[in-house]
Protein chains: 2
Amino acid sequence: MKQTFAEVITIGDEILFGQITDTNTQYISEQLSLIGIKTIRKSSVGDNEKDILGVLSEAINRADVIILTGGLGPTKDDITKLTLCKFLGTDLIIHEPTLVHVRSFFEKRGKPMLEINNQQAAVPRICEVLFNDVGTAPGMWMIYNEKIIISLPGVPYEMKFLMQNRVLSKLKSHIETPFIYHKMIHTVAIGESFLAETIKDWENNLPKHIKLAYLPSLGIVKLRLTAIGEDSKKIITEVEQLVEKLEKLIHPHIFGFDLDNKIEEVVGKFLVSQNKTLATAESCTGGYLASLITSISGCSAYFKGSVLAYSNEVKINVLDVNKLDLETEGAVSEKVVKQMALNVRQKLNTNIGISISGIAGPSGGTVEKPVGTVWVGYSDEKNTFAQKFIFGNLRENNIKLASIYALNMLLKELKKVS
Amino acid sequence: MKQTFAEVITIGDEILFGQITDTNTQYISEQLSLIGIKTIRKSSVGDNEKDILGVLSEAINRADVIILTGGLGPTKDDITKLTLCKFLGTDLIIHEPTLVHVRSFFEKRGKPMLEINNQQAAVPRICEVLFNDVGTAPGMWMIYNEKIIISLPGVPYEMKFLMQNRVLSKLKSHIETPFIYHKMIHTVAIGESFLAETIKDWENNLPKHIKLAYLPSLGIVKLRLTAIGEDSKKIITEVEQLVEKLEKLIHPHIFGFDLDNKIEEVVGKFLVSQNKTLATAESCTGGYLASLITSISGCSAYFKGSVLAYSNEVKINVLDVNKLDLETEGAVSEKVVKQMALNVRQKLNTNIGISISGIAGPSGGTVEKPVGTVWVGYSDEKNTFAQKFIFGNLRENNIKLASIYALNMLLKELKKVS
């Protein structure tokens, strides 16, 4: 089977000049690799015809699939569509369903539809429109010299919508892709080097057609196994057996096996299945934990709310934390964080309460309690306890790590019941 | 003066295949643009000789400066240095000062120095070494066909160290750079198209040496003016006069002029200067508003806390929202959101209370109150009111937009006082 090669191109001065971070090309090349298409080059060019034509002519000689993002806005510096027409030898026409969609988009928001917004519905005559439900710039699918050229809006959630709902399935039906089996193993609260050391022997014994990738982010390391071959049954069995062996090595750190599991989602599923409700009391994380929990659609089934007690006054008046304990032990202490967990559970009338109090930084650290010190509390009907963590110096990282470690503490308790 | 053009190239499979996000090229091109060097293309290729040689041969024909990152590690898949030698027609030699540095690096950390680590000190014979104080892979400065080729390690903090301490000053002394003046204008709650339409005449009258860029993100559009020229005084005056004219057109939407202003930061500064305290009551945003506010270091001076009343029970029991109003008007209503703002202010004893209640989606919408309907409430000692917004269909976006619009509502009130 022939390997399919792709190039991913971003168009726009704002990425080229470093004004915004490009996350689109990472997402696109990752999704392509999941269906067996190999990205061989990524390029960024500015909003000018010469450079766009230049990169297109080069890419069309190397790749089978070219995915462009950006330059589809209504302003005059967005010239992707006009340039595509020049490259393909065609012209722009109005795509009526998109025009109707753009109009209703503005109507719904009670905003005036301007003359320039009509241009959102203009597409190269030879293209097939990839209808964009979540924005006004349509995606476009074009064939040129038997190569596939796909143009997508640069707004990340619009690009993602089109990739998931239009592009990937269409690519799969156009291109002979090998059988690929992916297995993701999501781990939490174990560092990348320590993880690598722990599974070293297992990793060294992986067969040649099964690749392992480490995908680290804050507090989380995803391990991705990718197996390629002909005999699907054999490959799946092989991978699942490898995962079983891996589980034995790092079981306490694994929280999921689905491709895009999030720990807040896994926690939510446990709470639903155990018919339990949750409340949180946060100090240094300032709502970040709650915002992770409520990012999951349907969380109202188990999450009742939170008290963000940023000041000691609120800890005392709203959460009924003992004033003397606050004064003698400090807000970042086992005693206080246990009271926060217990009291928020009782006050909000839930089965479980989780609390966080710590020093996110950059200021507020002492020799005894340096920046990065965080206490996490847990309380249910039977049990109230707390655990201390020491993270690093960066405020943003400390807030995120504390929230992820708190979710992991909750998950461990939920797993004990199941 | 001749414009200097640069290309930025990342080398490494992990970026090409989408396993990690590339933030290096954004940083490099931004730093280059600040000294007047224009990036004309960014490329990513994998760890293989053919593709690295290919991208180098293309880039050398277009750019005056080529900056490469990545592929300098000691493992066998890191082949940047060998490939550079092939491209430049030279060979590798050991750079003694770097070898000494690498040895002491390992000694300090108590780690064994392996044979393979000696390779860290090997550099192309014709290069000038850019000494890397913070890591083991040296930077390299090479001249080829009167073009400058710079190779840097891919680890972001090592790359940044070398850019700041070696590369930028060396570039400035090698290249005649023009005077460049940047001005950022941050706007909120005005869509990109409507903004473009509003300032159309102003934009069309910009002189040729002053460029405008639109940098949109959720709820926010940044406008960046970049002026290039010889006479710095004249240029600064010119840009500032243009900004004054712009302010007259879109004044209510502007919240800042610094390069990296955030609205939550601007709100914080107003609260500090007016010596006011803030509390929030959130429903559908689930802590996202509070997490924006608390992402700003020093927010404890004005932010006391929040009640996240995700369930009606918490709205009634903790926030004292009237039960009858909740039943007759619904949680997403003017009456309820005003009570939330007023009550959280009184309960947490602050000067200002902000509340949000809405339907983030994907479920929970009705014909009367579709998904995306959000009420934001405001309350201070003199005044309590609410405003309704209708956003879109995406849960994540609705949560973020509601929070940003709430911050903007607060900012408008704070501005009235100043």
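No experiment lies behind these values; they were computed from the predicted model shown. (Residues numbered from 1 in each chain as written. Chains lettered and ligands numbered in written order. Predicted model: local features only at pLDDT ≥ 70, side-chain atom pairs only at ≥ 80, totals over all residues. Heavy atoms only, no water.)

Peer 1: Describe in detail the overall build of chain A, supporting the description with residues and values.
Peer 2: Looking only at helices and strands, one finds 16 helices and 17 strands in chain A. Across its three principal directions, the C-alpha atoms of chain A cover 80 × 60 × 40 Å. Looking at chain A residue by residue over its 418 residues, the buried ones come to 58%. The long-range fraction of contacts in chain A, counting pairs at least 24 apart against all pairs at least 6 apart in sequence, stands at 67%. Of the roughly 17,700 Å² that chain A leaves accessible, carbon and sulfur atoms contribute 52%. Of the side-chain charges in chain A, 47 are positive and 47 negative, and the distance between the mean point of each set is 3 Å. (Helix = DSSP H or I, 4+ residues; strand = E, 2+ residues; numbered from the N terminus. Buried < 20%, exposed > 50% of the residue type's maximum accessible area, 1.4 Å probe, protein only. Contact = heavy atoms within 4.5 Å. Areas by Shrake-Rupley, 256 points an atom, 1.4 Å probe, with all protein chains shown as cover. Lys, Arg positive; Asp, Glu negative; His and termini not counted. Charge placed at Lys NZ, Arg CZ, Asp CG, Glu CD.)

Peer 1: If you had to explain the sheet that holds strand E3 (residues 65-69) of chain B to someone new, which residues and values would you point to?
Peer 2: Read across the sheet, twelve strands follow the order E6(A)-E7(A)-E8(A)-E3(A)-E1(A)-E2(A)-E2(B)-E1(B)-E3(B)-E8(B)-E7(B)-E6(B) without closing on themselves; strand pairing throughout is mixed. In this open sheet, the two strands that pair with only one neighbour each are strand E6 (128-130) of chain A together with strand E6 (128-130) of chain B. Each strand of the sheet is rotated relative to its neighbour by a mean of 20°, with strand direction disregarded. Relative to strand E8 (residues 147-152) of chain A, strand E3 (residues 65-69) of chain A is paired through five bridges, and the arrangement is parallel. Looking at E8(A), one finds that A:Ile66 is bridged to A:Ile149. (Pairing = 2+ DSSP bridges. Axes fitted to C-alpha atoms, helices over the stretch in contact; angles between N-to-C directions.)

Peer 1: Describe the interface of chain A and chain B, and please don't skip the residues or the numbers.
Peer 2: The interface of chain A with chain B comprises 70 residues on the first partner and 72 residues on the second. Buried surface at the junction of chain A and chain B, both sides included, amounts to about 5,600 Å², of which 54% is carbon and sulfur. Interface area lost by chain A to chain B is led by A:Gln19, A:Arg41 and A:Tyr310, which between them contribute 11%. Across the pair B:Glu58 and A:Arg62 runs a salt bridge whose closest N-O atoms are separated by 3.0 Å. Linking chain A with chain B are 37 residue pairs in polar contact (both at pLDDT 80 or more). Sort the elements by how many residues they give to the side of chain A that touches chain B and strand E2 (residues 37-45) of chain A lands first, with eight residues. Considering only residue class, the side of chain A that touches chain B consists of 30 nonpolar, 24 polar and 16 charged. Relative to strand E2 (residues 37-45) of chain B, E2(A) is paired through three bridges, and the arrangement is antiparallel. In the strand pairing of E2(B), A:Ser44 is matched with B:Lys42. (Buried area = accessible area lost by both parts, 1.4 Å probe. Salt bridge = Lys/Arg side-chain N within 4 Å of Asp/Glu carboxyl O. Polar contact = N/O pair within 3.5 Å; in protein donor to acceptor, adjacent residues only side chain to side chain. Nonpolar A, V, L, I, M, F, W, Y, C, P; charged D, E, K, R; others polar.)

Peer 1: Before we move on, can you summarise the domain arrangement of chain A with the specific residues and values?
Peer 2: In many analyses, interface size is given as the accessible surface area lost on bringing the parts together. Residue and element names in this part refer to chain A. What the domain assignment lists for chain A is domain 1 (4-174), domain 2 (179-256) and domain 3 (263-417). Placing the centre of domain 2 and that of domain 3 at their C-alpha centroids yields a distance of 31 Å. Across the contact, seven residues belong to domain 2 and ten residues belong to domain 3. Of the roughly 800 Å² buried at the junction of domain 2 and domain 3 (both faces included), carbon and sulfur atoms supply 73%. Interface area lost by domain 2 to domain 3 is led by Val188, Leu218 and Phe255, which between them contribute 62%. Scanning the region where domain 2 abuts domain 3 turns up zero salt bridges. Split by residue class, the side of domain 2 that touches domain 3 holds six nonpolar, one polar and no charged. (Domains from an automatic or database assignment.)

Peer 1: An account of the sheet that holds strand E14 (residues 303-309) of chain B is needed here, citing residue identities and associated values.
Peer 2: Sheet architecture is open: ten strands sit in the order E17(A)-E16(A)-E15(A)-E13(A)-E14(A)-E14(B)-E13(B)-E15(B)-E16(B)-E17(B), paired in mixed fashion. Across the chains shown, the open sheet's two edge strands, defined by having one partner strand only, are strand E17 (384-390) of chain A together with strand E17 (384-390) of chain B. Taking each pair of neighbouring strands and ignoring which way they run, the sheet shows an average axis angle of 15°. Bridge analysis of strand E16 (residues 373-379) of chain A against E17(A) gives seven bridges, and the strand direction is antiparallel. When the bridges of E17(A) are listed, A:Thr373 appears paired with A:Ile390. Across the sheet, helix H16 (residues 395-417) of chain A lies against strand E13 (278-282), strand E15 (352-358), E16 and E17 of chain A, angled at about 30° from E16(A), the strand it touches most. With respect to the sheet, helix H14 (residues 334-347) of chain B is in contact with strand E13 (278-282), E14, strand E15 (352-358), strand E16 (373-379) and E17 of chain B, its orientation differing from that of E15(B) by roughly 145°.

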